[in-house]
Amino acid sequence: ETGVTQTPRHLVMGMTNKKSLKCEQHLGHNAMYWYKQSAKKPLELMFVYSLEERVENNSVPSRFSPECPNSSHLFLHLHTLQPEDSALYLCASSQGPATSPETQYFGPGTRLLVL
Amino acid sequence: SQQGEEDPQALSIQEGENATMNCSYKTSINNLQWYRQNSGRGLVHLILIRSNEREKHSGRLRVTLDTSKKSSSLLITASRAADTASYFCATRSGGSYIPTFGRGTSLIVHP
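It should be emphasised that the depicted structure is a prediction, and the values quoted were computed from it without experimental measurement.

Scoring rules and cut-offs
Residues numbered from 1 in each chain as written. Chains lettered and ligands numbered in written order. Predicted model: local features only at pLDDT ≥ 70, side-chain atom pairs only at ≥ 80, totals over all residues. Heavy atoms only, no water. Helix = DSSP H or I, 4+ residues; strand = E, 2+ residues; numbered from the N terminus. Rg over C-alpha atoms; globule rule 2.2 N^0.38 Å. Buried < 20%, exposed > 50% of the residue type's maximum accessible area, 1.4 Å probe, protein only. Contact = heavy atoms within 4.5 Å. Areas by Shrake-Rupley, 256 points an atom, 1.4 Å probe, with all protein chains shown as cover. Lys, Arg positive; Asp, Glu negative; His and termini not counted. Charge placed at Lys NZ, Arg CZ, Asp CG, Glu CD. Phe/Tyr/Trp six-rings, centres within 6.5 Å; stacked < 30°, edge-to-face > 60°. Polar contact = N/O pair within 3.5 Å; in protein donor to acceptor, adjacent residues only side chain to side chain.

Colleague: What's the story with the overall build of chain B in this structure? I'm lost.
Modeller: In terms of helices and strands, chain B carries zero helices and eleven strands. Going from the N terminus to the C terminus, chain B shows its helices and strands as β-β-β-β-β-β-β-β-β-β-β. Taking 13 Å as the expected radius of gyration for a compact globule of 111 residues, we find that chain B reaches 13 Å, a close match to that expectation. Dimensions along the principal axes, computed over C-alpha positions, put chain B at roughly 45 × 30 × 20 Å. Residue burial in chain B is summarised as follows: out of 111 residues, 45% are buried. Considering only contacts in chain B between residues 6 or more positions apart, those separated by 24 or more positions represent 55%. Accessible surface computed for chain B: about 5,100 Å², of which carbon and sulfur atoms make up 46%. Distance from the positive charge centre (13 side chains) to the negative charge centre (9 side chains) of chain B: 7 Å.

In structure tokens form, the structure reads like this:
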């Protein structure tokens, strides 16, 4: 276990549904990340939060909405997704931007299938 | 954008053999990290090598870095079936603390 948990582990949703992915880290880290991993593609960084402020948003469609209520929790709210959004969504945390080197600790991921 | 690219994309070997994976990148880096991912799971950090280092060891893992060629290699010696996974390199450059990952090398070790 890396100290980063994600729920649910698997999610099947229709294109009109609204769902949320949850990530929690127990490592006292200050930075949290959402990644999308699709088959045969590099890991895609979606969002970065540092000290609960969003510092990176890599041109992610608005149907993905992140929320970071505190430094231990990160959510990804999903609505009106498309089938191509089906992927493994990984959450990660690290100590924070003031720390080098930046080793990331990943959760087990949420396998999302959009029908 | 700065991105590590792993080579080969897939590698299949017998238990006991050594496995070598390579990572190439485009611009100067601060450090390079190798991660491992078992099927459908999150990535696990294996080893970090700084730009002023040439080689590091951790158990059966040996990582080299050649900054003149902008490349790194990960060697797994005496491989085991449990080493079957995907291996990714991640690079950091400039003032960014956010690493960039490649597509990974898929390693299969046959028992």
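Alright, that's what it looks like, and here's the rest.
Colleague: Whenever I open this one, the packing of aromatic side chains confuses me. Can you help?
Modeller: To describe a pair of aromatic rings, one takes the distance between the centres and the angle between the planes. On inspection of all chains with the given rule, the structure shows seven aromatic pairs over all chains. Three or more aromatic residues joined by ring pairs form one cluster here, namely Tyr33, Tyr35 and Phe106 of chain A together with Tyr35 and Phe101 of chain B.

Colleague: Which parts of the structure should I look at to understand the side chain of Ser94 of chain A?
Modeller: Residue and element names in this part refer to chain A. Examined against the element boundaries, Ser94 turns out to sit in strand 9 (residues 87-94). Polar contacts involving the side chain of Ser94 include one to the side chain of Tyr33, which spans 2.7 Å. In contact with Ser94, not counting residues within four places along its chain, are His29, Asn30, Ala31, Tyr33, Glu102, Thr103 and Gln104.

So far we have only geometry, and geometry alone does not tell us how the molecule works.
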